[in-house]
Structures are given as structure tokens and as C-alpha cells.
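Here are the chains, one letter per residue:
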Amino acid sequence: MIANVLVMIRKRSRTVIGAALLGCCFMAPQAAPAADCPGNPNALGTSRTIVVDPREHPRIGTMQYPETLPLADHEVVLTFDDGPLPKYSNQVLAILASQCVKATFFTIGSQARFNPEGVRKLIAAGHTVGTHSQNHPLTMNKMPLEKVRQEVDDGIASTLAALNGDKSKLAPFFRIPGLMRAEIPEAYLASQGIQVWSADFPADDWRHISPQRVYDLAIQRIEAKHKGILLLHDIQPRTVAALPRILNTLRERGYRIVHVVPATADRPATPTQPQQWFMHPPTETVATTRWPRIPNFVFTATRTLPAAVFADLDWRDADILDHAQRARVGVPVRTLWPQPQVAQLAPVSTLPIPAADVFRVPEALDLTLLAANRRLTQRAAGPAAGAPRAQAISARQARHPKQAAHQIPAAAHGGGHGAPLHVAPPGASNAAVHVAKRSPRAEASAAGKRVPD
Ligand SMILES: [Zn+2]
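Residues numbered from 1 in each chain as written. Predicted model: local features only at pLDDT ≥ 70, side-chain atom pairs only at ≥ 80, totals over all residues.

This part is about the overall build of the protein chain. If you tally the helices and strands in the protein chain, you get 15 helices and ten strands. Taken over 453 residues, the protein chain has a buried fraction of 30%. When contacts within the protein chain are restricted to residue pairs at least 6 apart in sequence, long-range pairs at least 24 apart make up 72% of them. (Helix = DSSP H or I, 4+ residues; strand = E, 2+ residues; numbered from the N terminus. Buried ≥ 20, exposed ≤ 12 C-beta atoms within 10 Å, placed from the backbone. Contact = placed C-beta atoms within 7 Å.)

As a further point, take the environment of Lys102. Summarising the element assignment, Lys102 is placed in the loop between helix 2 (86-99) and strand 4 (104-107). Separated by 26 residues in the primary sequence, Lys102 and Thr128 place their C-alpha atoms 7.7 Å from one another.

So, on to the packing of helix 4 (residues 116-124) against helix 5 (residues 145-162). Where helix 4 contacts helix 5, the axes come no closer than 8 Å and their chain directions differ by 75 degrees. Judged by the inter-axis angle, helix 4 sits roughly perpendicular to helix 5. Contact with helix 4, carried on its side by Pro116, Val119 and Arg120, involves Thr159, Ala161 and Ala162 of helix 5 and no other residues of that element. Of the residues contributing to the contact of helix 4 with helix 5, the split by class is four nonpolar, one polar and one charged. (Axes fitted to C-alpha atoms, helices over the stretch in contact; angles between N-to-C directions. Parallel < 35°, antiparallel > 145°, perpendicular 65-115°, else oblique. Nonpolar A, V, L, I, M, F, W, Y, C, P; charged D, E, K, R; others polar.)

Glancing now at the nonpolar core. By size, the foremost hydrophobic cluster in this structure holds 65 residues, and its most contacted members are Val76, Val77, Ala218 and Leu230. Among the elements that make up this core, the one with the highest residue count is helix 8 (residues 237-252) (six residues). In this structure Val77 touches Leu69, Leu71, Thr104, Ile229, Leu230, Val258 and Val260, once residues within four positions along its chain are discounted. (Core = buried A, V, L, I, M, F, W, Y, C linked by C-beta atoms within 7 Å.)

In this model, the protein chain carries an average pLDDT of 76, and 60% of its residues clear a pLDDT of 70 or more. In this model, residues 401-438 is a region of pLDDT below 50 whose contacts with residues beyond four sequence positions or in other chains number 42 contacts. In the predicted structure, residues 449-453 sits below a pLDDT of 50 and forms six contacts with residues beyond four places in sequence or in another chain. (pLDDT = per-residue confidence, 0-100.)

In this section: the environment of Asp73. Counting through the fold element by element, Asp73 comes out in the loop between strand 2 (59-60) and strand 3 (75-81). Separated by 206 residues in sequence, Asp73 and Met279 have C-alpha atoms that sit 9.5 Å apart.

With that settled, the discussion passes to the packing of helix 2 against helix 8. Helix 8 packs onto helix 2 with a crossing angle of 5 degrees between their chain directions and a minimal axis gap of 9 Å. Between helix 2 and helix 8, the angle is such that the two are roughly parallel. Within the contact between the two elements, helix 2 uses Tyr88, Gln91, Val92, Ile95 and Gln99 and helix 8 uses Pro237, Val240, Leu243, Pro244 and Leu247. Among the residues forming the contact of helix 2 with helix 8, the class breakdown is eight nonpolar, two polar and no charged.

Of note, the amide linkage connecting Gly83 to Pro84 takes the cis form, showing an omega dihedral of 0 degrees. Within the secondary structure layout, Pro84 lies in the loop between strand 3 and helix 2. If you check the backbone angles, Cys100 has positive phi at about 55 degrees while not being a glycine. The residue Cys100 is located in the loop between helix 2 and strand 4 in this model. Residue Cys100 is classed as buried on the basis of its C-beta count, with 22 C-beta atoms lying within 10 Å. Located in the positive-phi region is Leu179, a residue other than glycine, with phi close to 55 degrees. Topologically, Leu179 is positioned in the loop between strand 6 (173-174) and helix 6 (183-191).

Considered for burial, the residues of helix 6 that qualify are Pro185, Glu186 and Leu189. What you see down the axis of helix 6 is that its buried residues fit within an arc of 100 degrees, all on one side. When the buried face of helix 6 is taken as reference, the exposed residues oriented beyond 90 degrees from it are Glu183 and Ser191. Tucked inside the fold, the buried residues of helix 6 contact strand 2, helix 5, strand 6 and strand 7 (195-197). (Arc of directions from axis to C-beta.)

This is the structure in C-alpha cells:
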């Protein structure tokens, strides 16, 4: 019962998705539906054809790249590599024809040279033909540009030769041999407008495994992703053996086959949205990003709010003040900053040059200071050692003439701290006595002369 409900939900969701896709993809040429498949009313058929522009999406296939074909749920694209090889390629063509499904073939140039008729059969059956290098080297990831260019160009030339040079029949699609991707081949192919096709799931049909194993892997991997590009080979017997069952199972499980063709001047690309090129596009509930790219969110609405104006950034906005008052967090104090009208201070006038008599010390005060200084000097030296100490001081001054020279000019103009303590004004006898006690060396030092030791 639950299973039946789930099936109904799944079918209903597919109907909705299908209806949505019809809206965006009706421009693409439609392939023959399964009901139109002659001789097989239950054929899988080709549900639709999409037109892709290699220059808009240069690399596809989630095995190696972020993007893949813009497929809906339960849509599969079939691809076959390494042909054409008559023995198996013809059988693959017959199986596909019996189900009326279209695929994409990536031919090897050397195979096309040996079997040009096989290339023409692919085109005649309505399939898309891309290329797969000239010699299928598994070292394209290590090749210099010149070798890459040779492999790519020769493979295209060989396949084109089988088509009489008709470029309109050859798709600018390329699959790197062994999926040995690298920046050099990818860059070269992009510069040529060629789309690199990886895949979304292989079936390991190039390995020594049974057809049953190929079938199991193909179905399991398709079911794991529900849509994508299936990588097969049309040169392997196990592929030929597994392919009918693969197609039948896909039909039974509701899968649909999509045919891919390149855009041309008169065949525009199928309109798509960027998110359709992702296997699991971002949803409304899951925000994803691939750093450092800009996050690719799906927004619920496209209408944007008006851009903020400078006035909105003013913190003194009345609403903010009102909010602050209600929240009792204090109202911001209004300030002039950053207003340009800053209060200017009154111009400061220059003070007058002091007159000479400003520094003149009254005589009575000067004598008092000199007397106090003499008492202090005598107290520090002591009565007995007074004379020797004065001599020591004089000697020290002689050894530092600069210090003495500094003191004399300072005293000469009456400025400097303590100058009046050493020099008395003219006519002061006490000061003269004090100076007279200096030694000749100190006198010379006081006069700014250097005295030899
Ligand atoms: Zn290959």
C-alpha cells in the first residue's frame, strides 16, 4: 500500500517536472516518441532532443566537472566510445534502432580511417557523432599542447574524412581518452569551441566483467543519481549483450532517453537556467557555495529592498533616539562632530617681549639670597675642610669647562636658575669675596678658557 502511494507520488512529481520542462524546452527539435517507433509499440523511444552550446558550457559530466547536461529527473543520455568497430558497433546500432533511441558516439580517428562506413552509419541513423582523439592515448593529461592539438585535430580530421568533410555532421563534442583530464587539453578544446564530455556514471564495460555485471552497474549507478550521462563502449561484446536489458529496465522504471545535438547558427541552444546544469541544484532549503565563488542561493522572492541612502546611516535618526529612550539605554549625546562648523578659538595674540628690568633682582633680595647661599656652602663643607673643598670644586669645574662656560653666559644676562647665587650685582662686596676665593684655574674656567691639565 505504502509502495503504491510512493509510486503515485513519484509519477505525479514526474508529471509536474515534465510539464515544467515543456515550458522551457519546446524550442528544441522533438525526437520521435516511443509510440512512433515502427515495429515496437513498447519501445523506450527518445523523449526529447536538447540543443547545447559548447561555448556556454565547455565541460560537462559530474564524474569530473561541476556541470552536467540540463536533464530532468529520470532522463538519461546514452554515449558510446571507441568505435566504430563494425562487429559490435553495428549490433549496438541495431539495438538502439529497435528501441528508437538516439545516442552520442565518440569515435576514434584511427577507427574512422579503417571504417569510414561505420561513421556514416552513425550519422544515417540520426545519432550525434563527436570525437575521441586520433589514437586513443591514455596520457593526454601529461601531454604538451602540441601533442594534444595533434591528437584532437587528427581525430576530427579522420572522422570528417569519413563524412566527406561535411562539418555540419560532426558535433564539436570531445571525450578525453580514459577521462584523463588536464588543463592543457581542456583549455585547447575550449579555445576551439569544443565541449568536453565526461560522464555521470560508467558501467565499467571496458573491464573484464560479465554482461550481467555491466547491466547491474549501469542500473545501480543510474538509480543512484536518477539522471545523467551513461558511459558505454560500442566495441565490447559485453556491452552488446547487456544493452537490451539496460534499455528495457530503464523503460520499465520510467526513465526517458534524451538526445543531444550542438547549437548552430540556425539551431539555437535550448533555453535553460544555470541551476539546471547541476546534478543536484541548490534548493530553497539548502544554501550551498563553492568557495570562493559567490554563494548560489535560491531566493524565495526576486523583489529587492530599496537601496539604503546616506540618511539611513545617521545614528541620530529620530527612530533610534526613540528606541533608546524606550529601552532606557540612554540617549546619545548630540555632538558637533562631524559637522564642518567647528567652533573657532579666538586668535592668540603674541605676548610682548619682556623688558630688561623684568629680570632685575632688587638689591636687598639679592643680598639676602647670597647670604643664604654662603651659609649653605659653609655648612656642607664644614669649617675645617672649607678651603680644600673649594679647591676641589674649582678643579672639577676646570675639568668641565663647558659646564662652567654655560654658567657664565647664563649669569651674564641675568637669566637661568641659580645664576644670582654665583654672581653678585656690581658693587656687592660679599659676592666679590666669594668669587675671589676661586683658584686661578677656576677663574680661567669661569671665563670660558680651556686650562691644560
Ligand atoms: Zn575510449
